[in-house]
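# Structural characterization, general
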Protein chains: 2
Amino acid sequence: MIVIADALKKRGFRVTAPRVSIFNVLQKASYPMSVQEVKMGTKGVDTVTVYRTLEAFKQAGLVVQVDLQRGHALYELKEGKSDHHHIVCMSCKKIEDFTGCDYQPIAQQALKKSKGFAKIISHSLELFGLCALCATK
Amino acid sequence: MIVIADALKKRGFRVTAPRVSIFNVLQKASYPMSVQEVKMGTKGVDTVTVYRTLEAFKQAGLVVQVDLQRGHALYELKEGKSDHHHIVCMSCKKIEDFTGCDYQPIAQQALKKSKGFAKIISHSLELFGLCALCATK
DNA sequence: ATTCTACTTGCAAATAAATTGCAAGTAGAA
DNA sequence: TTCTACTTGCAATTTATTTGCAAGTAGAAT
Ligand SMILES: [Mn+2]
Ligand SMILES: [Mn+2]
Ligand SMILES: [Zn+2]
Ligand SMILES: [Zn+2]
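Notes on the structure follow. (Residues numbered from 1 in each chain as written. Chains lettered and ligands numbered in written order. Predicted model: local features only at pLDDT ≥ 70, side-chain atom pairs only at ≥ 80, totals over all residues. Heavy atoms only, no water.)

## Comments concerning the interface of chain B and chain A
By a widely used convention, the size of an interface equals the accessible area lost when the partners come together. Formally: The contact criterion used throughout is that any non-hydrogen atoms of two residues lie within 4.5 Å. Accessible area that two parts lose when put together, evaluated with a 1.4 Å probe and summed over both, is termed the buried area. Pairing of N or O atoms within 3.5 Å defines a polar contact, subject to two protein rules: one partner must be a possible hydrogen donor and the other a possible acceptor, and residues neighboring in sequence count only if both atoms are side-chain atoms. Runs of E in the DSSP output that reach at least two residues are strands. Runs of H or I that reach at least four are helices, and both are numbered from the N terminus.
At the junction of the two partners, chain B supplies 42 residues and chain A supplies 42 residues. Across the chain B/chain A interface, buried area totals approximately 3,400 Å², and carbon plus sulfur atoms make up 61% of it. Sorting the residues of chain B by area buried against chain A places Q69, I106 and F117 of chain B first, and these three jointly supply 19% of that buried surface. Linking chain B with chain A are 24 residue pairs in polar contact (both at pLDDT 80 or more), by the criterion used here. In terms of residues, the side of chain B that touches chain A owes the most to one element, strand 6 (residues 117-131) of chain B, which gives 15 residues.

As structure tokens, this is what we get:
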């Protein structure tokens, strides 16, 4: 359980109501959320503030952005959870977490083979498929 | 070298000037392109047509969508190239391909552990880091 | 070659996503 | 309590993507 105020202060953020609220919304979520969903989860935080806060949290390493080939980005807390990724149903959009992404060797090999890259900081990995329900239809 | 007309016919597409043009643009590219870039590469194809064509090509398995945490999607031809992914410089946006994504075991394990997924159809994997140039700054 | 029609396209318009500018508000240091 | 750099909301933009529709055409059927 992360103490929100501490998490914010530790990264040099002022502790404000919108930030605490957004953090709380993300912490309760069990799947990555869109900007709109995060906004809905708060009481009256402006959309722009959600954008700015999520971007700041992302820069600070508090949050990760998840792209699932929708028209918009999703975000989820990084803290607390270990490196994990998602299986997504291409039909009904259901999302499940999965772990076991052993990307270090892949990243190191990619870096070695690469012509002009110096370091790898993060990675994204998502699986797209069909859930049991949608697969039968 | 893919024969464009055949590639289109084989998938049930009519062979039209915009489609051939878009296909050619993608074929010349050495990195995934945005809708705007594809449009610029053609002579007068409408933006909407680019959207619709890329989506159709994607559905047909001719093209893959690449999300690099920008505000928009990128697209590249699938045909001809083997399964590959990208290293992206978070600073200057440079993109390099890399191969060696051995995702089958990861996907199979994720599927086995999963509660409600039946099959995996595709995957995305991107590495984010710094190129040699940007790393020194 | 001509006809026919379902598939395509461009254009306008709408909707959605993300960014920017700025004045008013405030957390936290002093 | 004061002060100020950091935050926020609101309006306005910009950029991304989708939708509706009438006009155009590729390719199948004469
Ligand atoms: Mn997750
Ligand atoms: Mn590529
Ligand atoms: Zn499903
Ligand atoms: Zn760079």
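Now that the structure has been shown, the text picks up again.
## Let's talk about helix 4 (residues 47-60) of chain A
All names here are of chain A. In plain terms, the rule: Given the number of residues in a helix, its expected span is that number minus one, multiplied by 1.5 Å. Burial status follows relative accessibility: with a 1.4 Å probe on protein chains alone, a residue under 20% of its type maximum counts as buried, one over 50% as exposed, and anything between as partly exposed. Working note: the arc is built from the helix axis to C-beta atom directions.
Compared with the 20 Å implied by 1.5 Å per residue over 14 residues, the 20 Å span of helix 4 between its first and last C-alpha is a close match. Among all positions in helix 4, only V50, T53, L54 and F57 are buried. Looking straight down helix 4, one finds its buried side chains confined to an arc of 100°; they lie on one side. What points out from helix 4, more than 90 degrees from its buried face, is the exposed set R52 and Q59. Against the buried residues of helix 4 lie helix 1 (4-10), helix 2 (17-28), helix 3 (35-41), strand 2 (63-66) and strand 3 (74-77). Here helix 4 starts with a cap whose side-chain oxygen sits 2.9 Å from the backbone nitrogen of V48, and that cap is D46.

## Looking at the environment of A73 of chain A
Considering the arrangement of structural elements, one finds A73 of chain A in the loop between strand 2 and strand 3. Residues in contact with A73 of chain A, not counting those within four places in the same chain, are M33, S34, V35, Q65, V66 and D67 of chain A.

## Description of the coordination of the manganese ion (ligand 1)
Around a metal, the idealised angle for a tetrahedral arrangement of four donor atoms is 109.5 degrees; for an octahedral arrangement of six donor atoms it is 90 or 180 degrees. Residues and elements named next belong to chain A. Note the following rule: Water is not part of the atom set, so a site may look incomplete; the donors themselves are N, O and S atoms within 2.8 Å of the metal, or 3.2 Å for Na, K and Ca.
Within the protein, E76 (OE), H84 (NE2), H86 (NE2) and D97 (OD) serve as the donor atoms for the manganese ion (ligand 1), at 2.2 to 2.5 Å. Counting the intervening residues between successive donors of the manganese ion (ligand 1) yields the motif E-x7-H-x1-H-x10-D. You can see H84 sitting in the loop between strand 3 and strand 4 (85-89) and its partner D97 sitting in strand 5 (residues 95-98), a full 13 residues away along the chain. The exposure class of D97 is partly exposed, given its relative accessible area of 32%.

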